[in-house]
Structures are given as C-alpha cells and as structure tokens.
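Descriptive analysis of the structure
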Amino acid sequence: MIPTQRVILGTGLAILLIITAASIALDVKSRSEAAWVNQTVQVQKKISDLRVLLRRAESAARGYELYRTPGFSADFQAVQAQIAPALADLKRGVRDNPDQVALLEGTEPLALRRVEIAAEAMRLRAANDQAGIAALNGRAEGRGLMDTVMGNLDRLSAEEERLLAARSQDSRRTGVVLLGIDVAGAVLILLLVALVMRESRRATVQLQSTLSETTAAKDALAAAVADRTQHLVTAHDELRLSVNVLQSTFHSMAEAVLVIDAEGNVLLSNPAAERMLLHRTGMNLRNLRTLSDVFHGDGVTPMQADELPSVRVLRGEKFEDLEMIVRPHNGIPPRHLMVSGRPMLDGQGEISGAVLVYHDATMSRETERQLYQSQKLDAIGKLTGGVAHDFNNMLTVISGNTEMLVEGLKQQPELQRVARLIDDAAERCAELIQHLLAFARRQPLQPRNVEINAAIADIAKLLRPTLGEQIQIETVLEQGPMTAHIDPSRLTNAVLNMAINARDAMPNGGTLLLETHRVVLDEAYAQAHPDVTAGPYIMLAVSDTGTGMSLETQHKAFEPFFTTKEVGKGSGLGLSMVYGFVKQSGGHIKIYSEEGHGTTIKLYLPPGEGTAEVAAGMAPQAEGGAETIFVVEDDPLVRNFVTTQLQSLGYKTVAAPDGRAALELIGAGQKFDLLFTDVVIPGGMSGRELAEEVARRRPGVRVLYTSGYTDNAIIHHGKLDDGVMLLTKPYRRNQLAEMIRKALGATASPAPPPPA
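These numbers come from a predicted model, not from an experiment.

Their axes nearest at 9 Å, the elements helix α3 (residues 98-126) and helix α4 (residues 130-139) cross at an angle of 155°. Comparing the axis directions of α3 and α4 gives the class roughly antiparallel. Between α3 and α4 lies a crossing whose hand is left-handed. Residues Arg113, Ile117, Glu120, Ala121, Leu124 and Arg125 of α3 touch α4, and the partners they reach there are Gly132, Ile133, Leu136 and Arg139.

Following this line, the structure appears as structure tokens:
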C-alpha cells in the first residue's frame, strides 16, 4: 500500500475511532437522561399520590364530622398511616435537588400538623367535646395549613414538570445526535470499504492481509452500531412506557380535566370531561357554554361571564373548590361541580393557557341535603310533640264538657245545637293534633303482621266511592304471601291521604295505581340515604298520572302545613302524617315525580315474621264501678274534669298534682285500686317513674297511663311497652270508662322494667 493510501486509510480509521468514542459517550448520556426522565415521572406520581392522601384524609375527617359513622374514621386512620411514609418516599425522590429537598422539609411538618388537627377534631367530635371543638375551630389553623401544603406541592410539581420537559428535550436531542453519529460511522465504513476494495484490485497480494483486518474491523463496528441502536430503541421504549403510564392515569381520572390555550381552545381533555361537561372533540369553551346554564353554588344566582372558571384562570387567578351548578339544556339532571384552576406560563412568564379540574360533588351535596331535610323534620316533630301535649290537655276538658252539655241540653234544642258545634270543632281540633302527632312520630302504634295484598285490595274498594268515577283505580300486587309489621289503621289512613292528593292532582281524571313488591335496599342505597337501614322491605307504591311536582315542592312535601292547594282545600298535613307513620314504623319513604308526568310515592315497610294476625273484635261498651281511682295530673282543669267524670261513673277518686304529692298520700296509707297517671308530670319524676316507685311499695298495683303525646318513657320502636296501658288525650267519657274497666279487670302485674 502506497503512503497516500496509508494516510487516507489511517485518517478514516481515526475518524471511525472518534465516532465510536463519541457514540459510546452519547449512549451513556442517553441512558442517564432516560433514567432522569423516569425519575422525574416517578417524583410527579409521588407528589400526586401525596396530594390524594391529604385530600382523602381531609374528606374522611369532614365526612366523620357530618355523619359520625365509623367508616369515615377507619378511612381517615388508614390514610393517616400512609402520609408520613409517602412524605419520606417523596423526599428520597428529590434528594438530588437541594431546593426541592428544602421546600419538602418545610412542607412535611405542615402536612403532618394538618392531619394532626383533623385527627384532633375527630377525637373531639367522638367525645362530643363542644368546648374543644369550638376552640379548635376558633384557631382556624387547618385551612391555612392545607392551602400552604397544597401550594408547596404545586411548586414541587411545577419544578418537576420543568425538569421533565428539559430532560425529555435533552434525551431526544441526544438520541438524534447519537443516531446521526451512528449513520455517519456506517457511511464512513462503507466509503472506507469501497476505497480498500478499489486499492485491492491494484495490489491484491499486498493488501490481502490489510483487507482481512479491515473486514474484521467493519464487522466489529457494525456490531457496535447495532448494539448502540438497540440501546437507543430500549431507551425510547422506556420513555414511551412512562408517557403511556401518564396518559393512562390522565384518562382514568374520575375528575374532568381541560387544558386550554389563551383563546379558550381546548388542547387536551379526558373521557371524564365528556361525561361530566358534555365536551366533545373540536369544541372550545364558547361551544361548551352554549350547552348549559351555569349558576353559583346556591343554584339560584346565575354565574356572570367574568366569573366563569375559565375566564378567571386566564386572568391569572389560582383557585380551589370553586362551587358551581351546571344545568344542561338537553334534560340531563343538574351537576354540582367543584372546580380548581391553575394558569400555565410560557418562557417569558406570560399566560399561555390554563388547566381546569372539575370534581362532581352532586352525590355528596344531595346526601347533605337529605340529611339536613331529615334533621329539619325531626326538629319540627319535637316541637310539635311538645305543643300537642298542652293542646290535648285543653281539648280533653273542652270535648268532655261539651259532651256533657250536649247530653244536658236535650230540652233546649237551640243551645244543644250550639253545644254540638263546639263539640264538632273540638273533634276537628283533636284530629288535627293527631295528624301532627303522627308526623312527630309520637302516636302509639299497634303494629301487627298485616297481609299487604289483602289490605290494599280492601283499601282499593274503599277508595272507589271516595275518588269518584273519573279516577280509574288499578292494582299490581306481587303474588304470594307478603306481610308487613305495621299498624293497619295507620296504613289505611296513609293510603287514603295519598289517594286524595293524587285525585286533586288529576282534576280532569286519570289513573291511580297501587303496587306491592318485595324489595331489598342495598348498602349503596343506604349510603346515599342516611336515614335508611339496608335490608329487605315490603314496598307499596301509589302512582298517579297527574300534574306532578317540581323539585322544590318534592323537597318540602313532607313538611307539616305545606300545601300547593288553594286556601281552604287542604291542611298540608296529609303527607306529613304519612311520613311520620312510615318513619315511626321503621320504614322509608321516597317521592318520584316530574312536572306534567305524574307522581309515585313509595313506602318501604318493615317485613313481618310469620303469618298475618287477625284484628280483635269490638269491645262491649263499658260501665262504671265503685273502686277508688288515684288520679295524678298536673293540669288543674284536666284533673278536676277527670275526677268529675269518674265520680259520675260511680268511682271514688283521690287526686294529686305530681309524683311527690302522690307518694306522700300513699306513704300516709291512702287506699286505692288503680293508679291513673299522666306520663308527663312536673317535680322531677315522670308518670312511669311514679308507677315504678308505687309498684315497689305496693306490689301488684294496677296502672293506667294517659298523655297528650307519648315519649320514650312508655313507648319504644313505635309501640307501647309490653304490659303498658295508655289512654291518649283528648278522650271521651265512654273511652275513659272503657279503659278504666279494662285496667281494673286486667291481671295485676308489676310495672314494666325501665326503658333501655
């Protein structure tokens, strides 16, 4: 080989060596950059996981505060145990970045303190420590801590996103350069091979050995190129896998995510945005706004254009949990959304777009509304029960005396007619009070196993003349024996009230449908309805084809005195009485209605055990007697009235205004045959407690209770305790006589044990 050829070949080999060395160096760099990209992705995931844990802890604490259920407490403790390890893991992930480490070390005690405050609040709630709760709320420390922690996590995430973008760009650049070097090396090899082959034709013998060496070098270099190419492909596959993980996470999120540019064009969205916001590919925010009406969290105040989340975030605002209600125009039910927004900045710090995250809080808000409605109805019920007690005392005196007036004025028809008017008015007042007590769940029920299908068939016969010919009554009854443990008379009243409401909702006629089914309300339904216990029920549905109810009317339908009828055409107590009956029976009631399409009211009644029981026959009219009755009544008007009535029936009477006076008389040796006591009496001792004390002093004493409303002293789970006899106020003379004889004729037994 001539010197020139040697110089050319030597130069080519030197270049090949340089290319190979550069290729190896770039390969190492590519591997390192791929590893850094993967680490950055992992750190982002750890930040996201930590943020989710903190949100879950806060949600569990808030859920426990609202519902006091053990499930929220267990969820909180499980999440709390994961937060410290998650912080430590994140700290290890950013250990190469001193600024990130410093920021995380400053965030860690704040996050742990926020979780500690939530745990303390739950402990105070569990202990019902109102002073501690007030003190803790007064410091208002938790919200600020959470905002600071989330802000720091956002800074961590933003820095990692910057690092991810920079490292991904470096990795791609290195890959391109590495590929170019590999290609250049291959081209140079081919040129060298061509040069050697050309020179070999001139000096075959002299270059034979050199050619063999060059061929071997070519093979080795080709193998090196293939190896480097495989490494590059592997690095790209790893990067693609990381991107796929991020995309899968993004597309599987329950929250709707929109990434928009500065003009409001949607650059990126996930499937949840299609379900929640009705977004479709190609839509911008202007198109999206035309599909729905948007309101503030109260559901009444429209959200102005400059208040919309997209407008605010493009102004540079950052916000969390912005409340809004979206009502689509296509008839889909409204959605209650919580929106978070963050602007995106370009290299010059200008706003280039934004990220909006929408969380669907419809279900949780509906649960809160149902809980509030249930608490409101319970509060009204307690107030109603207390008022009814005093009213029934007065009505007892009024109705009893007017009854005597009617009897005594037989020779004076005009005055007797006036007395009858007073008596009728008192009777109507008593019925009104009974409706109120039914709503308040203070009516003593007499439940038994009732064959629902037979009962509904009998009620349907009763309804036909009541509703008129323009209302068609249909029944769909599930076959087979089906018993419910309820008070049959209250069931009849409930169905009658619902049927009358249905008739009024169908002024031009229509169809009333009565249905029965066996159903099971599962745990999911019970969680969505806080007042429901999961399990089997007997469902009775009353449906009409009338005008239907608005959503606002449905929310108020069970409130006493609420009515949509004209003045004088309804008391507003029908559905409230049905509500009280179902709740006191241990059941559940639900309204399904749509304006213009009718209404269905479903009663879920507790199932009975065994066969249906036959109702007792009518008792014969009772007479008076000569025994001594001990009357304990705090109201002097009622006490005087009762003793007068008893004396007119032939009984001897002893009276006391409270438990202490009664016990003094008994201690002095007062004889009597029956203790007739009001349940609610002053002096620190209820009628039940008085009866128990009297039973200890005089075993076998007979007791008859009376009350304007029942409380937990003698009634549990909606029915009277075993062995307890009760005469509810107001009562008539014949009812008094009947119950006195029944109590005196009953087998003497000790007073029932105190309530649990």
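Next, the rest of the story.
Before going further, it helps to examine the pattern of salt bridges. Under the defined criterion, the tally for this structure stands at 21 salt bridges. Here the residues in one salt-bridge network are Arg51, Arg55, Asp154, Glu320 and Arg342, joined through shared partners.

Turning to unusual backbone geometry, a few remarks are in order. Phi at Asn128 takes a positive value of approximately 55°, unusual for a residue other than glycine. Position of Asn128 among the secondary structure elements: in the loop between α3 and α4. We note that Asp321 has phi near 55°; this positive angle belongs to a residue other than glycine. Here Asp321 is to be found in strand β4 (residues 319-328). Residue Asp321 is classed as partly exposed on the basis of its relative accessible area of 38%.

This part covers the environment of His529. By the secondary structure assignment, His529 is in the loop between α14 (523-528) and β11 (535-544). Residues His529 and His588, spaced 59 residues apart in sequence, show a C-alpha to C-alpha distance of 9.5 Å.

A cluster of nonpolar residues, Leu179, Val183, Val187 and Leu191, forms a patch on the protein surface that exposes about 350 Å² of accessible area. Along the chain, Leu191 turns up in helix α5 (residues 141-202). By relative accessible area, which is 54% here, Leu191 ends up exposed.

Let us look at the nonpolar core. Within the largest apolar cluster, 39 residues are counted, with the highest numbers of intra-cluster contacts made by Leu463, Leu491, Val495 and Leu603. It is helix α12 (residues 452-467) that provides the largest number of residues to this core, a total of seven residues. When neighbours within four sequence positions are excluded, Val495 is seen to be in contact with Ile456, Ile459, Leu463, Leu514 and Leu540.

What counts and how
- Residues numbered from 1 in each chain as written.
- Predicted model: local features only at pLDDT ≥ 70, side-chain atom pairs only at ≥ 80, totals over all residues.
- Heavy atoms only, no water.
- Axes fitted to C-alpha atoms, helices over the stretch in contact; angles between N-to-C directions.
- Helix = DSSP H or I, 4+ residues; strand = E, 2+ residues; numbered from the N terminus.
- Parallel < 35°, antiparallel > 145°, perpendicular 65-115°, else oblique.
- Left-handed = near helix turned anticlockwise from the far one by under 90°.
- Contact = heavy atoms within 4.5 Å.
- Salt bridge = Lys/Arg side-chain N within 4 Å of Asp/Glu carboxyl O.
- Buried < 20%, exposed > 50% of the residue type's maximum accessible area, 1.4 Å probe, protein only.
- Patch = residues over 30% accessible without salt bridge, like charges linked within 9 Å, V, L, I, M, F, W, Y side chains within 5 Å.
- Areas by Shrake-Rupley, 256 points an atom, 1.4 Å probe, with all protein chains shown as cover.
- Core = buried A, V, L, I, M, F, W, Y, C linked by side-chain atoms within 4.5 Å.

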